[in-house]
Structure formats: structure tokens, C-alpha cells
Amino acid sequence: MAFQKRLDQEYADIVVGDNTYNVQKSSDDKMQWTAIFIGPEGTPYSNGMYKLIIRFPDEYPMKPMSVQFVNPPYALNVVEEAP
């Protein structure tokens, strides 16, 4: 898996961010991350906590990752299932 080095670097870059989100690698699947973020202040989402599951395909970065809300926020532009 040649992309693993790139994925490790991207993880290292993202975990040094601010305290409005937290990203963790799955302990049993290195192709999956979990992200939790707080809704931005001054928006209808403020004080909300949102959890995402991020899955990376074997062809990453040539094929995009998939992102799934565990607890979906109310939003008109977020659909239950991709077309």
C-alpha cells in the first residue's frame, strides 16, 4: 500500500488543528478514521457535536474517500444516501 505514507502524513497534518475537531484512526482498520467536530458559533449548529466516519479506498488518493455522518445534522444539502 504505497499510499499509506501519504495517508499517515495527512493524518499528522490534520491532528495539529484547532480544538473544534478531533480525528482518530480506527484501531482495527487503518483505512478508516473517525472525526468529531463542534458546530461553529453563531450558526444553527453551534454547540452541536457531529461524528463522521471517513473511509479511504485502496486507490486513494486517485479515488476519493467517503464520508458518512453518524449523527446527521439537519441540512437541506445533505442526503441520506448518495445517488
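Remember, predicted model here, so these are calculated numbers, not experimental data.

(A) Just the sheet that holds strand S4 (residues 66–69), in detail. Taken in spatial order, the four strands make up an open sheet running S1-S2-S3-S4, and their pairing is antiparallel. Looking at the sheet topology across the chains shown, the edges are occupied by strand S1 (21–25) and S4. Strand-to-strand twist across the sheet, computed as the mean angle between neighbouring axes with direction ignored, equals 20 degrees. Relative to the sheet, helix H1 (residues 4–14) contacts S1 and strand S2 (32–38), its axis offset from that of S1 by approximately 150 degrees.

(B) Spotlight on the pattern of salt bridges. Taken as a whole and judged by the stated rule, the model has two salt bridges. Among the salt bridges present, the one from Asp-8 reaches Lys-25, with a minimum N-O distance of 2.9 Å. Of the two residues, Asp-8 sits in helix H1 while Lys-25 sits in strand S1, which places them 17 residues apart along the sequence. Classification of Asp-8 as partly exposed rests on a relative accessible area of 34%.

(C) Quick look at the pairing of S2. Here five bridges tie S1 to S2, and the two strands are oriented antiparallel to one another. In the sheet register, Asn-22 faces S2, and the bridge partner there is Ile-36. Linking S1 to S2, which pair antiparallel, is a turn of six residues. As judged from the seven bridges shared by S2 and strand S3 (residues 49–55), these two strands associate in the antiparallel manner. Bridge pairing links Trp-33 to Ile-54 in S3.

(D) Quick peek at a nonpolar patch on the surface. A cluster of nonpolar side chains, namely Ile-14, Val-15 and Val-16, defines an oily patch on the protein surface of about 250 Å² accessible area. Structurally, the position occupied by Val-15 is in the loop between H1 and S1. For Val-15, a relative accessible area of 40% puts it in the partly exposed group.

Cut-off values and rules
- Residues numbered from 1 in each chain as written.
- Predicted model: local features only at pLDDT ≥ 70, side-chain atom pairs only at ≥ 80, totals over all residues.
- Heavy atoms only, no water.
- Pairing = 2+ DSSP bridges.
- Helix = DSSP H or I, 4+ residues; strand = E, 2+ residues; numbered from the N terminus.
- Axes fitted to C-alpha atoms, helices over the stretch in contact; angles between N-to-C directions.
- Contact = heavy atoms within 4.5 Å.
- Salt bridge = Lys/Arg side-chain N within 4 Å of Asp/Glu carboxyl O.
- Buried < 20%, exposed > 50% of the residue type's maximum accessible area, 1.4 Å probe, protein only.
- Patch = residues over 30% accessible without salt bridge, like charges linked within 9 Å, V, L, I, M, F, W, Y side chains within 5 Å.
- Areas by Shrake-Rupley, 256 points an atom, 1.4 Å probe, with all protein chains shown as cover.

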